[in-house]
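Report on the structure
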Amino acid sequence: QYFVELRRDKLCPPEIVGELEALVEEEQYEEAIALCEQEKNFFTAMVGAALAKVNEGYDEMNKAMQDVGAEEAWKLSVKISWLNLLGQTSPLLGLFGTVTGMIGAFQVIEQMKTPSPSMLAKGVYEALVTTMQGLSVAIPVLAFYFYFKNKVGSMIIELGLITGEFLERFKQPKA
């Protein structure tokens, strides 16, 4: 699902950008705001917030856009944060298994005084297998997380530039 949501065309559909540009050029701000409310995505959330402040000037529009942009960026980051959680906790679960396996091995030593290696093998085996399982989950999951984190970061920057450029038309030339 997130593969689809983390596409530029999903976060900033070109046809919606075109429609909003046309509405703004014709100064049909109410219609533009209605379109933003109807077509929910990263771009329309930011532009809609800015357009709601059109009568207050560029600085207020820019502040509203940045505030909503920060919130939208947070929402995107939250969508991938579960990958980080899974990647960070998997080795801990493996470590938990390592500790329980070693406790089992030491209990055999305590009970048998001179156990054979085969008697210790079960606990050591459990320790090694759970460590390997934790790492085999953590390594690819963290790789995916950092891929998505970087993708989200670059998308946020790109969308910030697009919306900033969209908003530039409201900036008054300096006298």
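Calculation criteria
Residues numbered from 1 in each chain as written. Predicted model: local features only at pLDDT ≥ 70, side-chain atom pairs only at ≥ 80, totals over all residues. Heavy atoms only, no water. Phe/Tyr/Trp six-rings, centres within 6.5 Å; stacked < 30°, edge-to-face > 60°. Buried < 20%, exposed > 50% of the residue type's maximum accessible area, 1.4 Å probe, protein only. Lys NZ or Arg CZ within 6 Å of the ring centre and 35° of its normal. Patch = residues over 30% accessible without salt bridge, like charges linked within 9 Å, V, L, I, M, F, W, Y side chains within 5 Å. Areas by Shrake-Rupley, 256 points an atom, 1.4 Å probe, with all protein chains shown as cover. Salt bridge = Lys/Arg side-chain N within 4 Å of Asp/Glu carboxyl O. Helix = DSSP H or I, 4+ residues; strand = E, 2+ residues; numbered from the N terminus. Core = buried A, V, L, I, M, F, W, Y, C linked by side-chain atoms within 4.5 Å. Contact = heavy atoms within 4.5 Å.

**Observations regarding the packing of aromatic side chains**
Tallied over the entire structure, the rule returns four aromatic pairs. When the ring of Tyr147 is compared with that of Phe148, the centres are 5.3 Å apart and the planes differ by 65 degrees; the resulting orientation is edge-to-face. Since its relative accessible area comes to 47%, Tyr147 is described here as partly exposed. In this structure Phe148 comes out as buried when scored by relative accessible area, which is 6%. When the ring centre of Phe166 is taken as reference, the NZ or CZ atom of Arg169 above it lies at 4.5 Å.

**A short note on a nonpolar patch on the surface**
On the surface, Met102, Phe106, Ile109, Val124 and Leu128 cluster together into a nonpolar patch covering about 440 Å² of accessible area. Secondary-structure elements contributing two or more residues to the nonpolar patch are helix H6 (58-112) and helix H7 (117-167). Ranked by residue count, the leading element in the nonpolar patch is H6, at three residues. Among the secondary structure elements, Leu128 is positioned in helix H7. Since its relative accessible area comes to 58%, Leu128 is described here as exposed.

**Structural notes on the nonpolar core**
Membership of the largest hydrophobic core comes to 38 residues, with the highest contact counts inside it found for Leu20, Phe43, Val47, Leu51, Met61, Leu167 and Phe170. Elements with a minimum of two residues in this core: helix H3 (14-25), helix H4 (29-38), helix H5 (42-51), H6 and H7. At nine residues, the largest contribution of residues to this core is made by H7. The residues touching Phe43, leaving out its near neighbours within four places in the chain, are Leu11, Cys12, Val17, Leu20, Ile162, Thr163 and Phe166.

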